[in-house]
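# Descriptive structure summary
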Amino acid sequence: MPLTCARAVLYGKADMVPLDRPVAEVAALAKRDLRPGDTLDQIGEYAYRAWIMTTEDARAAGAHPCGLLTGATVTAPIPKGALITSTRRGHGHCIAKGADVSRMFAEFFGKETGYCRGRGGHGPTLIESVTYRWRGHSKSDRNRYRTQEEIAGWMARDPIARLTATLIEHGVLTGAEAATIEAEATAEITAAIETARSAPDPDPVEATRDVYAWPIP
Amino acid sequence: MNAQSPVTRELSYAEAIREALDLAMAADPTVILMGEDIGVYGGAFQVTGDQVHKYGPDRVMDTPIAELGGAGVAVGAALTGHKPIYEFQFSDFATLAMEQIVNQAAKLRDMLGGAVSVPVVFRLPAGSGTGAAAQHSQSLEAWFAHVPGLKVVQPVTPHDAKGLLLAALADPDPVLIFEHRLFYKMRGPVPEGHFETPIGRAEIRRIGTHVTFVATSIMVHKALEAAQTFAAEGIEAEVIDLRTIRPIDRETARERPQDGTPHHHLRGCENPRHGG
């Protein structure tokens, strides 16, 4: 492991390299005679073991991927040692596992009500909100890893300023109202700091109060 | 022991732990077991045994070989109303989960002003003597005893293995139980039913006036053996089993004979000498 890490980071060499096409598939052989109605257990348990095949052979044989077998139901007898095969048709498996057929068709027709919101099997929707901090990570951060131009560029795109401008532009907010909101927020923070400053300091014996549920020696 | 003492049988240390797990699982549905190969395989040292068949894989969870993630799930479960018992296959692998144990489990009560409890129990097979080499033989309990917020116990008998595990489960704070791997097959008397061995209380294993051994874990047994040798020469050694290293029972550990005879106080633990 340390050698793999060093090789990757220092020398830029990969430990394993993906090829540009599928080459091998991990199928499965029955560990014991499997009967129709049997439910398959997990990898490493008692029903099947992994078996590697070339992609061509696996496709030709209808071999079922080993990683998708957990919980599957056997539909035809499979003798001990035999390859576990299936029709390899995704919708068949979905129906067998209890999927809602109307949602499956909605997906097929690219509708919002489909299983993947009509996005063709790309899974959940990810929203990435890119933001930027104006100041350093701490007071001692001298921003040596970024330029003043970069900071100024991001500050010009500040979402609060842009939202304020948009609201004023659409007549939802006036410039005076925006200034009042800002002044109120500043006053609230200032008051909170003053309140905290004038609050009593904790008793030193309180320092360990919540380290354990009850005091221990 | 009082007059109503329950029936006591001989059990192995591993069986005593399993009995404690079983009692806790049966009595409290919030108790869950987690760890690598603790399900169908029954645990690396066959401690969990048949628990998965009794309580199912939702409560006896085989976790991946990813201690940081597993410990994180255990700490999160403890924060949200469960009493998880997470088994490290070897205590050495707790090194991979230090963030969750030291920075999270130990700190959360204090960080949140006492608003939360973290009733997680970690079980850690530890110690040397099985020829398991340098990455599977360490005694790291002193590290954890150094951290405020953690409690650390080291049962040395089947009786205490059961009693300290049940006490750890009843404790609202994180408790680490270091089990010496040479103990698992050791047999000894264990009462039936629920009982708790108090955390933070040392046990005097042998009474003597000339010299005192204060020891932990396997060194308690080595001290008892040494005491036999000494006795043949007319030297009576006291052997104190510290049993918990945080909190530490200083009162018992410092006990001295009252008659003023010259006295040696010796300490024994399996840690490396430096900082041990």
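Look up: the structure comes first, before these words.
Throughout what follows, the structure given in this document is the object of discussion. (Residues numbered from 1 in each chain as written. Chains lettered and ligands numbered in written order. Predicted model: local features only at pLDDT ≥ 70, side-chain atom pairs only at ≥ 80, totals over all residues. Heavy atoms only, no water.)

### Things to note about the sheet that holds strand S11 (residues 237-241) of chain B
Residues and elements named next belong to chain B. Just so we agree on the cut-off: Two strands pair under a simple rule: DSSP has to find at least two bridges between them. Only DSSP runs of H or I covering at least 4 residues are called helices, and only runs of E covering at least 2 are called strands; the numbering of each starts at the N terminus. Note on method: axes are straight lines fitted to C-alpha atoms, helices fitted across the in-contact stretch only, with angles between N-to-C directions ranging 0 to 180 degrees.
Strand order in the open sheet formed by 4 strands is S9-S11-S10-S13, and the pairing between neighbours is mixed. Taken across any chain shown, the strands that pair with only one partner, and hence form the sheet edges, are strand S9 (203-206) and strand S13 (264-268). Pairs of neighbouring strands in the sheet enclose a mean axial angle of 25°, with direction left out of account.

### Examining a nonpolar patch on the surface
For clarity, the cut-off: In this scheme, patches are assembled from residues that exceed 30% relative accessible area and form no salt bridge. Like charges are connected within 9 Å, while nonpolar side chains (Val, Leu, Ile, Met, Phe, Trp, Tyr) are connected within 5 Å. In these tables, accessible area is a Shrake-Rupley quantity obtained with a 1.4 Å probe, and a residue counts as shielded only by the protein chains included in the view. Here a salt bridge means any side-chain nitrogen of Lys or Arg lying within 4 Å of a carboxyl oxygen belonging to Asp or Glu.
On the surface, a nonpolar cluster with roughly 560 Å² of combined accessible area is contributed by Ile95, Val101, Phe105, Phe108 and Phe109 of chain A. Along the chain, Phe105 of chain A turns up in helix H4 (residues 101-108).

### Quick word on the environment of Arg9 of chain B
Residues and elements named next belong to chain B. Inclusion rule: Pairs of residues are marked as contacts when any of their non-hydrogen atoms sit within 4.5 Å.
Considering the arrangement of structural elements, one finds Arg9 in strand S1 (residues 8-12). Sequence separation between Arg9 and Arg187 is 178 residues; the distance between their C-alpha atoms is 9.8 Å. Arg9 has contacts with Glu19, Lys162, Gly188, Pro189, Val190, Pro191 and Glu192, leaving out every residue within four places of it along the chain.

### A short note on the pattern of salt bridges
Going through the model one piece at a time under the given rule, you end up with 22 salt bridges over all chains. Taking the shortest distance from any N to any O, the salt bridge between Arg59 of chain A and Glu25 of chain A comes out at 3.6 Å. Of this pair, Arg59 of chain A sits in helix H2 (residues 55-61) while Glu25 of chain A sits in strand S1 (residues 24-30), placing them 34 residues apart in sequence. Between Arg206 of chain B and Glu236 of chain B there is a salt bridge; the shortest N-O distance is 3.1 Å. Placement of Arg206 of chain B in strand S9 and of Glu236 of chain B in the loop between helix H8 (218-232) and S11 is noted, with a sequence separation of 30 residues between them.

### Points about helix H1 (residues 13-27) of chain B
Short version of the rule: Expected helix span is given by 1.5 Å per residue-to-residue step, counting one fewer step than there are residues. Each residue's exposure class comes from its accessible area (1.4 Å probe, protein chains only) as a fraction of the maximum for that residue type: buried when under 20%, exposed when over 50%, partly exposed otherwise.
Look at H1 of chain B: 21 Å from first C-alpha to last across 15 residues, which is about the 21 Å you get at 1.5 Å a residue. For H1 of chain B, every residue scored as buried is listed here: Tyr13, Ala14, Ala16, Ile17, Ala20, Leu21, Asp22, Ala24 and Met25 of chain B.

### Some words on the sheet that holds strand S4 (residues 83-87) of chain B
All names here are of chain B. Spatial strand order, S3-S2-S4-S5-S7-S6-S12: 7 strands in an open sheet with mixed pairing. At either end of the open sheet lies a strand with only one pairing partner, and these are strand S3 (60-62) and strand S12 (244-246). For this sheet, the mean angle separating the axes of adjacent strands, direction not counted, is 20°. Strands strand S2 (31-35), S3, S4, strand S5 (121-126) and strand S7 (175-180) of the sheet are contacted by H1, whose axis makes an angle of about 135° with S2.

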